[in-house]
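Residues per chain, in single letters:
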Amino acid sequence: MKTIYQTDFSGIDGLALAEIARPIVPVNGILIKMTMLPVVPSDWKRELDPHATAEAAAKLPRTIGIGGVGRVVEVGEQQDQALMNRRVLIMNPKGSYSEYVVMTQREFVFPLPDAVSDEQAAALTAGPGTALTLVQAIHERAVNNVVITGANSVIGLVLLQQLSDFSGHIWPIVSSASQAYFRQQRPTDVCYTVTSLPVLTETTVVIDLAGSEELLQRLRTWMPAVPVISIALTESDVIDNLTFVHEEFNAAGYRQFICQIAAHELVIPVDRQFLFTQVKEAQRYAKMSHSRGRVLVTLTSKETIND
Ligand SMILES: NC(=O)c1ccc[n+]([C@@H]2O[C@H](COP(=O)([O-])OP(=O)(O)OC[C@H]3O[C@@H](n4cnc5c(N)ncnc54)[C@H](OP(=O)(O)O)[C@@H]3O)[C@@H](O)[C@H]2O)c1
């Protein structure tokens, strides 16, 4: 079967299509034929940095990807037989960009109702779960104002939907280039640039999704002591009072997202689709473009990777 390998730490250029053996399904295994895969920032970050994340990212070659959607085609005799033939979302930090993926942990496999498309489900990978961590952090701080940098990002648009019952004031910061897109996605919300944001006098926290130290430094000139909670900067020499938070995998949270999508209470923004063979192009596009929703890769057979 075909897989996309990261072969070195040179970045997107180091990706290669490889032919490997189809996995053997253990007695507790679930074999999934993959159909839709998301392109997420952690992909290109891991492809450049041997220390980017855990999950043995430094052991190469490795199959890229941390999740996606497919259909269950084989179930081991000691696994949940009800999964056979089900369309599922999987979370698999050990690699998802393969024609077939074998899973053994049932809690990382989410059956999908018909009302949830492959696109919406695949776009749930690596992001929306982080929004739940941020909602909790915001409620714990009990602040009046929440400033969100990169509010047009995929995580930002999910976070705004999950904060619909927040009683304080939300101040989305969006680059000039992305303001029209943001208004299209959130017609009733006002968005700001760093320079158009008014001076905030009540208790405030900055939720940083953009990961730009320069942007945060400019915000700090308006609000010198404001605490920053970032999902994109693990540390900074120039921004103090910075707390990095990351997603704690929460299966119940993903089941809730799937129900919300089915009930039209949550929409995950989706941008373009590329073929499996165009993975380099897909990553370059996602990395170089302003965020207009999650970029996706569809999986078909008989293909070779494009340079
Ligand atoms: N900690 C965790 O557990 C965790 C989990 C998932 C993702 N993440 C990280 O969270 C971040 C957001 O993820 P996502 O998938 O939502 O990303 P995304 O959709 O690609 O959005 C990225 C956002 O950052 C903004 N941005 C990027 N560079 C900027 C700069 N120099 N100045 C101002 N704004 C800038 C973009 O603005 P424009 O669109 O206007 O360019 C956009 O709003 C990524 O860094 C990702 O690696 C963290």
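The name that an unreviewed UniProt entry assigns to the chain is NADPH quinone reductase or related Zn-dependent oxidoreductase, with the source organism given as Furfurilactobacillus siliginis.

Draft legend 1. Local environment of the overall build of the chain. Helix and strand content of the chain: 8 helices and 15 strands. By the compact-globule yardstick of 19 Å for 307 residues, the chain fits well, its C-alpha radius of gyration being 20 Å. For the C-alpha atoms alone, the extent of the chain along its principal axes is close to 60 × 40 × 30 Å. Taken across its 307 residues, the chain has 52% of its residues classed as buried.

Draft legend 2. How the structure looks around the environment of Asn 28. Structurally, Asn 28 is set in the loop between β2 (15-19) and β3 (30-39). By relative accessible area, which is 33% here, Asn 28 ends up partly exposed. Sequence separation of Asn 28 and Asp 80 is 52 residues, and the distance between their C-alpha atoms is 8.5 Å. For Asn 28, the residues in contact, after removing those within four places along its chain, are Gln 79, Met 103 and Thr 104.

Draft legend 3. Broad picture of the pairing of strand β5 (residues 67-75). Sheet topology places β3 next to β5; 6 bridges connect them, and they run antiparallel. Paired with Leu 31 across the two strands is Glu 74, which belongs to β5. Where β5 lies against strand β6 (residues 87-91), 5 bridges are found, and the strand directions are antiparallel. Following the sheet pairing, Gly 70 is matched in β6 by Val 88.

Draft legend 4. Helix α6 (residues 213-222), seen in detail. The complete set of buried residues in α6 reads Leu 215, Leu 216, Leu 219 and Arg 220. The arc enclosing the buried residues of α6, seen along the axis, measures out at 140°, which places them on a common side. Exposed residues on α6 whose side chains face more than 90 degrees from its buried face are Glu 214 and Thr 221. Residues of α6 that are buried sit in contact with β9 (145-149), β11 (204-208) and β12 (228-230).

Draft legend 5. Region of interest: the site of the ligand. Around the ligand there are 23 residues in total, and Lys 45, Ser 175, Ser 178, His 290 and Ser 291 lie nearest to it. Here Ser 178 contributes a side-chain N or O atom positioned 2.5 Å from an oxygen atom of the ligand. One nitrogen or oxygen atom from the main chain of Val 245 is found 3.1 Å from a nitrogen atom belonging to the ligand. When the ligand is considered free in solution it has 930 Å² of accessible area, and contact with the protein chains removes 76% of it. Elements with a minimum of two residues in the shell around the ligand: α1 (41-46) and α4 (154-162). Of the residues that constitute the shell around the ligand, the class distribution is 10 nonpolar, 10 polar and 3 charged. Composition of the shell around the ligand by domain shows at least three residues from each of domain 1 (2-126 + 269-298) and domain 2 (129-244).

Draft legend 6. Structural view of unusual backbone geometry. Leu 60 connects to Pro 61 through a cis peptide bond whose omega is -5°. With respect to the helices, strands and loops of the structure, Pro 61 is situated in the loop between α1 and β4 (62-63). Look at Asn 241: it is not a glycine, yet its phi comes out positive at around 50°. In this fold, Asn 241 is placed in the loop between β12 and β13 (242-244). You can call Asn 241 partly exposed: its relative accessible area is 43%. Its identity is not glycine, yet His 264 carries a phi of approximately 60°, on the positive side. With respect to the element layout, His 264 can be found in the loop between α7 (251-262) and β14 (270-275).

Draft legend 7. The sheet that holds β2, seen in detail. Taken in spatial order, the 3 strands make up an open sheet running β2-β1-β4, and their pairing is antiparallel. With partners counted over all chains shown, the strands left at the sheet margins are β2 and β4, one partner each. Taken together, the 5 bridges between strand β1 (residues 2-6) and β2 define a ladder with antiparallel strand orientation. Of the residues in β2, the one forming a bridge with Thr 3 is Ala 18.

Calculation notes
- Residue positions are given per chain, counting from 1 as you read along its sequence in written order.
- The predicted nature of this model means local features are confined to residues of pLDDT at least 70 and side-chain atom pairs, given and counted, to a pLDDT of 80 or more, with totals for whole chains, interfaces and linings taken over all residues.
- Excluding hydrogens and water, the side-chain figures rest on all heavy atoms present in the structure.
- Numbering of helices and strands runs from the N terminus; a helix is a DSSP stretch of H or I covering at least four residues, while a strand is a stretch of E covering at least two.
- Only C-alpha atoms enter the radius of gyration; for comparison, a globular chain is expected to reach 2.2 Å times N to the power 0.38, where N is the number of residues.
- Here the term buried applies to any residue with accessible area under 20% of the maximum for its type, exposed to any over 50%, and partly exposed to those in between, with areas from a 1.4 Å probe on protein chains only.
- It only takes one pair of heavy atoms within 4.5 Å for two residues to be counted as in contact.
- A pair of strands counts as paired when DSSP detects no fewer than two bridges linking them.
- Here the arc refers to the directions that run from the helix axis out to each C-beta atom.
- Consider each residue's heavy atoms; a residue with any of them within 4 Å of a molecule or strand counts as near.
- Identification of polar contacts relies on pairs of N or O atoms within 3.5 Å, with a donor-acceptor requirement for protein atoms, meaning one able to donate a hydrogen and the other able to accept it, and with residues adjacent in sequence counted only if both atoms are side-chain atoms.
- Residue exposure ignores everything except the shown protein chains as possible cover, and the areas themselves are Shrake-Rupley values with a 1.4 Å probe.
- Residue polarity follows a fixed list, in which Ala, Val, Leu, Ile, Met, Phe, Trp, Tyr, Cys and Pro are nonpolar, Asp, Glu, Lys and Arg are charged, and the others, Gly among them, are polar.
- Start and end points for every domain follow an automatic or database-based domain assignment.

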